[in-house]
Amino acid sequence: MLKNYFFIALRNIFKYKIYSLINIVGLAVGITCTILILLYVTDEISFDKFHSKADRIYRVIEYIDPAERSSSLPFPTSEAMLTDFPNYIENSVRFFNFQTSTLTIEYAPENGQRLLFNEPHIFFADSTFFKVFDFKLLQGNPNEVLNKPDLVLVTKSTAQKYFGNDDPVGKRIRFEGQTELTVAGVLEDTPSNSHFKFDFIISFATLDQFGFTGNNGGFNWYWNPCWTYITLKEGVNPKTLQDQFPDFVQKYFHPAIKDLTRLELQPLTDIHLYSNLDYEIAANSDVTLVYIFGIIAVFILAIAGINFINLSTARSMKRAREVGVRKVMGALPQQLIGQFLAESVLFSLIAILLAIPFVYLFLPGLNALAAKQISFTFITSGVFWAALFSIVVLVGLVGGIYPALFLSSFQPVKVLAGKVGKLGSGAMLRKLLVVAQFAISGILIIGTIITYNQLNHLRSANLGFDKDQVLLLPIQRTPIGGQQYYQFVDRMKNSENIIQVSAGNMVMGTETQTASYIIEGKDKEIMMSTYFVEPDFGKTLGMEFIAGRDFSTEFASDTASGIGGVIINESFLKLAGWNTDNALGKRVTGTLEGEMRVIGVVKDFHYTSLRQPVAPFLFVINPNSQARQFFRSFAYIRIKGNNYKNAIANIESIFKDYVPNRPFEYSFLDEKINSQYKGEDSLGKIATVFSLMAIFVACLGLFGLSSFTAEQRTKEIGIRKVVGASVGTIVMLLSKQFLILVAVANLIAWPSAFYLMNLWLSNFQTRTSIDLLPFITAAVFTFVIAFATMSFQAIKAAQANPVKSLKYE
Amino acid sequence: MIRTVDLVKVYRTEDVETTALNKVNIDIKKGEFVSIMGPSGCGKSTLLNILGLLDNPNGGEFHFLDHEVSKYSERQRAQLRKENIGFVFQSFNLIDELTVFENVELPLLYLGYSSSERKDKVNAVLERMEIMHRTSHFPQQLSGGQQQRVAVARAIVSNPKIILADEPTGNLDSERGDEVMSLLTSLNEQGTTIVMVTHSPTYAEYGNRVIHLFDGHVVTENIKDKEKFHV
Ligand SMILES: Nc1ncnc2c1ncn2[C@@H]1O[C@H](COP(=O)(O)OP(=O)(O)OP(=O)(O)O)[C@@H](O)[C@H]1O
Ligand SMILES: [Mg+2]
């Protein structure tokens, strides 16, 4: 019996080649998209789950109301927690990286090439690193490799980069030009689904010589640069531990913030998809993307499935006789249903076989778009095949069940007498499904366009400063950041192609730090966003002052110790209840900085991404010259319009004079700012690709359907031509009904897309307005492409010789 | 074997109601060869479909092999049908996507025969129909006469007690028509009951009696071998 089904299915596939091709290609494209999206989604939700204790590992995070949501903690927190909560916490590990984007590593063997790199993935970590996490140590004893100062672990590929095929263990490298580290072991490369990536892990004890781990002038419970992860003991409810944090905070934290601070436990496995805090180790992803892509996958699969349903029922005339004969021979309806379902499963099986090489072909593209490293090795995973098998069965059954029921319900008496209605049968359902397909396509088109609009909006929005043509030069812990800063600035300013120079501790427009301040007239500390900057910062960034002035070297008091100056933004002004006339000279007292006076007011600007609101903000020149040197992270250099190359060459030569033993490295401020929207960027690109795919598959279906209609109406067309109808009127006649469907589809797509996109845009503080254009574009696009698809068939039918088509009956 | 009492079949479409059969009483004994004649539209096919358990009547009684089947469900009819009835149609109704062998095999599949049994039976019947050399051809590669022989082979492969044929010669030239008629006659001689609709008086004469239908009524019954069947 099955053999009979199989052969008839196979012969049907070959006999109706166009039909089969449309179905199989459509399904294959649909399944390819679905598999790709599933791979993406699987990868996204797999983050950090490879640690055997993943369900017990939490990151402790710190909220300081109202301005700070920190992913990192003060240095002593980890130890204090272990002491105070021995019944709850099994282990803890801290990570620290000076909050710098890169750190310099030098390898200078006695008789060999000197290697010098700025390394972006260096962390200091506690020796409990291996007790909390499952990162694999390939060489070395996990209990010893981090337990002394000046030890370092390197990953396998890092070892390869520095030491080639030599044994890395025992090799000595120099960190930031000053500290000699000994390689104590080799780590496996960070898995791509870890929320942070490391190339070097340096023993935490090494930090003692930098003075960070000590009391820090009383600020060790204030400054919070350590990412801290804890493992809860088995069976501990995180809630019960978290409930004790308020007392803990009161007991230890700096008086200026302890009433504002709240600690929370964030599950390790939530970080990648749900966490968007300040000072994240690396930018995380967003669960909305997972949902959006999941929906798109379902959409595309639905469109492909609809093709299947539509074409099978449209073609049912051709199979009616077979059904009749089989029934006469005693076939029961369920046997026929079984047969047709088996057929549709066969279709989807063939489609899957085709989809696998497609996936192989397009996976690198997806990886590039989504910045992932999904490898084709998933093909060997049992889960993958189980999922694939489920798709085969699901698509086969869902797509096949309606046609199967429809076909098997034919009455032999009627079909054998040729009495099954010609156009009528199932036509309404087919129409509905075509509407659904084009509505989905319309939603995807509109969504894609609005995504791009939003992306452009984010990139071109007025940030309140000029982000273009500003070069960022990392200078932390270099002579430039230190004693020689002002000398460096003078040389730069005198150099060609350079307009302005300043420095700051944050990347403007992407990040902020917060500190506590008391405003004149108020009595309590308030947490506010601050940048530590240098003279001319506002000028360099083209900021607009609505009162007062920028920091300047011309005012010695700006950079002297003692009572310093502060520049505030409009929101600050409002919070303080001042105005532009009376603000200058008012007092602001910082917990770190001491007493300061307002010297300028700038218009509000976006110091972090456009997802975040603008709040009270202040620019400060750190009065402590020691701290000031530490916080000179980047030189901001505004360069002249059109000669980047020369300007950069100038900067490099000056930089080299001061810092000979660090690779010259720079970035552009606008690129840094734009890269914050790379999630939206890849969303836009991926959505474009999948929307096009969806439309392609929908058009395949329309192509098939219109060819059936044309075929069924051959006689009518013949008669019309004999009585004088032109090709044009016949094409219109055949296309009209479908165009009406596309119109209805657009009517459905417009409000749905409007609703969905509004929902998405509500994630942003700054959002593009939704105008008519995307909707009109979608309508025009669907009409044109649907019409083009159908007219191919219609013109063919209309041009056929009427004599021939009349004989056909 | 087959007995109807006041059999009624009415077709209802949106606006018209057609009474295709109006109180038809017939009685067919085992081993008979009955021809049904009548003008186009008088209800011959309708009657045959009901006799063949493809359709239910709207009224009257229908006794088939001692079962009162007029109210049977499709499932019950399918069971009786596949075990007892073979069909031959004017338009052959072979499945284009199946080979000759597979077409003939079809009834056996639904009867649940094993593959070796099916092979034996199909080969035997194809041999008898003299189309052995065409077993792996597809219907469209055969002539009309050959196709009808395949259809007959399919009708008899499961040894049905009764064969219903609706204008089996309608699409054939006279030579092929004669062939099919002699086939049916020989089947009847071997004990199979045959009910055949035909427009040809000559072919009708192959039967032992002819039932004339007109406008849904039985008008005359022309019985040849009254004594043989004790009507
Ligand atoms: N499915 C149906 N729906 C409505 N009316 C029908 C249907 N099938 C048959 N009829 C009507 O019932 C009557 C009998 O039809 P039937 O097919 O039995 O005639 P017939 O004697 O076989 O004719 P022919 O010799 O042309 O085959 C006709 O008037 C026909 O129009
Ligand atoms: Mg008829």
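You'll find the structure just up there.
Computed from a predicted model, the values in this text were never measured in an experiment. (Residues numbered from 1 in each chain as written. Chains lettered and ligands numbered in written order. Predicted model: local features only at pLDDT ≥ 70, side-chain atom pairs only at ≥ 80, totals over all residues. Heavy atoms only, no water.)

**Observations regarding the site of ligand 1**
Taken together, 13 residues sit near ligand 1, with Ser40, Gly41, Lys44, Ser45 and Thr46 of chain B positioned nearest. Lying at an intersection of chains, ligand 1 is approached by residues of chains A and B. Here cysteine 42 of chain B contributes a backbone N or O atom positioned 3.3 Å from an oxygen atom of ligand 1. Take histidine 199 of chain B: an N or O atom from its side chain is 3.0 Å from an oxygen atom of ligand 1. (Near = heavy atom within 4 Å. Polar contact = N/O pair within 3.5 Å; in protein donor to acceptor, adjacent residues only side chain to side chain.)

**Things to note about the pattern of salt bridges**
Scanning all chains against the criterion turns up 47 salt bridges over all chains. Across the salt bridge formed by arginine 477 of chain A and glutamate 176 of chain A, the nearest N and O atoms sit 2.8 Å from each other. Of the two residues, arginine 477 of chain A is situated in the loop between strand 14 (470-474) and helix 15 (485-494) and glutamate 176 of chain A in the loop between strand 9 (172-175) and strand 10 (179-187); the sequence distance between them amounts to 301 residues. Residue glutamate 17 of chain B is joined to arginine 12 of chain B by a salt bridge in which the shortest nitrogen-to-oxygen separation is 3.2 Å. (Salt bridge = Lys/Arg side-chain N within 4 Å of Asp/Glu carboxyl O. Helix = DSSP H or I, 4+ residues; strand = E, 2+ residues; numbered from the N terminus.)

**So, the packing of helix 11 (residues 333-370) of chain A against helix 12 (residues 382-408) of chain A**
Residues and elements named next belong to chain A. At their nearest, the axes of helix 11 and helix 12 sit 7 Å apart, and the two run at 140° to each other. Judged on the interaxial angle alone, helix 12 and helix 11 are oblique. For the pair helix 11 and helix 12, the crossing hand works out as right-handed. A breakdown of the residues in the contact of helix 11 with helix 12 according to their chemical character gives 19 nonpolar, five polar and no charged. (Axes fitted to C-alpha atoms, helices over the stretch in contact; angles between N-to-C directions. Parallel < 35°, antiparallel > 145°, perpendicular 65-115°, else oblique. Left-handed = near helix turned anticlockwise from the far one by under 90°. Nonpolar A, V, L, I, M, F, W, Y, C, P; charged D, E, K, R; others polar.)

**A few points about the pairing of strand 23 (residues 634-639) of chain A**
Residues and elements named next belong to chain A. Judged by how many residues are buried, strand 23 sits mostly within the fold: six of six residues are covered. Residues Phe634, Tyr636 and Arg638 of strand 23 are buried on one face, and the alternating residues Ala635, Ile637 and Ile639, pointing to the opposite face, are buried as well. With five bridges connecting them, strand 14 and strand 23 associate as antiparallel partners. Of the residues in strand 23, the one forming a bridge with proline 474 is phenylalanine 634. Pairing between strand 15 (residues 498-504) and strand 23: six bridges, direction antiparallel. For alanine 503, the partnering residue across the bridge sits in strand 23 and is alanine 635. (Buried < 20%, exposed > 50% of the residue type's maximum accessible area, 1.4 Å probe, protein only. Pairing = 2+ DSSP bridges.)

**A short note on the interface of chain A and chain B**
With 25 residues of chain A at the interface, the matching set in chain B holds 26 residues. With both chains or domains summed, chain A and chain B bury close to 2,400 Å², and 57% of this area falls on carbon and sulfur atoms. Three residues stand out in chain A for area buried against chain B, namely Arg11, Met329 and Val413 of chain A, and they jointly supply 26% of the buried area on that side. Our count for the contact surface shared by chain A and chain B stands at three salt bridges. If you look at where chain A meets chain B, you find 10 residue pairs in polar contact (both at pLDDT 80 or more). For the side of chain A that touches chain B, the elements supplying multiple residues, two or more each, are helix 1 (2-15), helix 10 (316-328), helix 11 and helix 13 (412-416) of chain A. Among the residues forming the side of chain A that touches chain B, the class breakdown is 13 nonpolar, six polar and six charged. (Contact = heavy atoms within 4.5 Å. Buried area = accessible area lost by both parts, 1.4 Å probe.)

**Focus: the nonpolar core**
One recurring pattern in soluble globular proteins is that nonpolar side chains are buried together. Residue and element names in this part refer to chain A. Ranked by size, the top nonpolar core spans 117 residues in total, and within it Met508, Phe619 and Leu669 carry the most contacts. Every residue in contact with leucine 669, bar those within four places of it in the chain, is listed here: Phe465, Lys467, Val470, Leu472, Val507, Met508, Leu541 and Tyr636. Membership of the second largest hydrophobic core comes to 70 residues, among which are Ala80, Phe85, Phe96 and Ala515. (Core = buried A, V, L, I, M, F, W, Y, C linked by side-chain atoms within 4.5 Å.)

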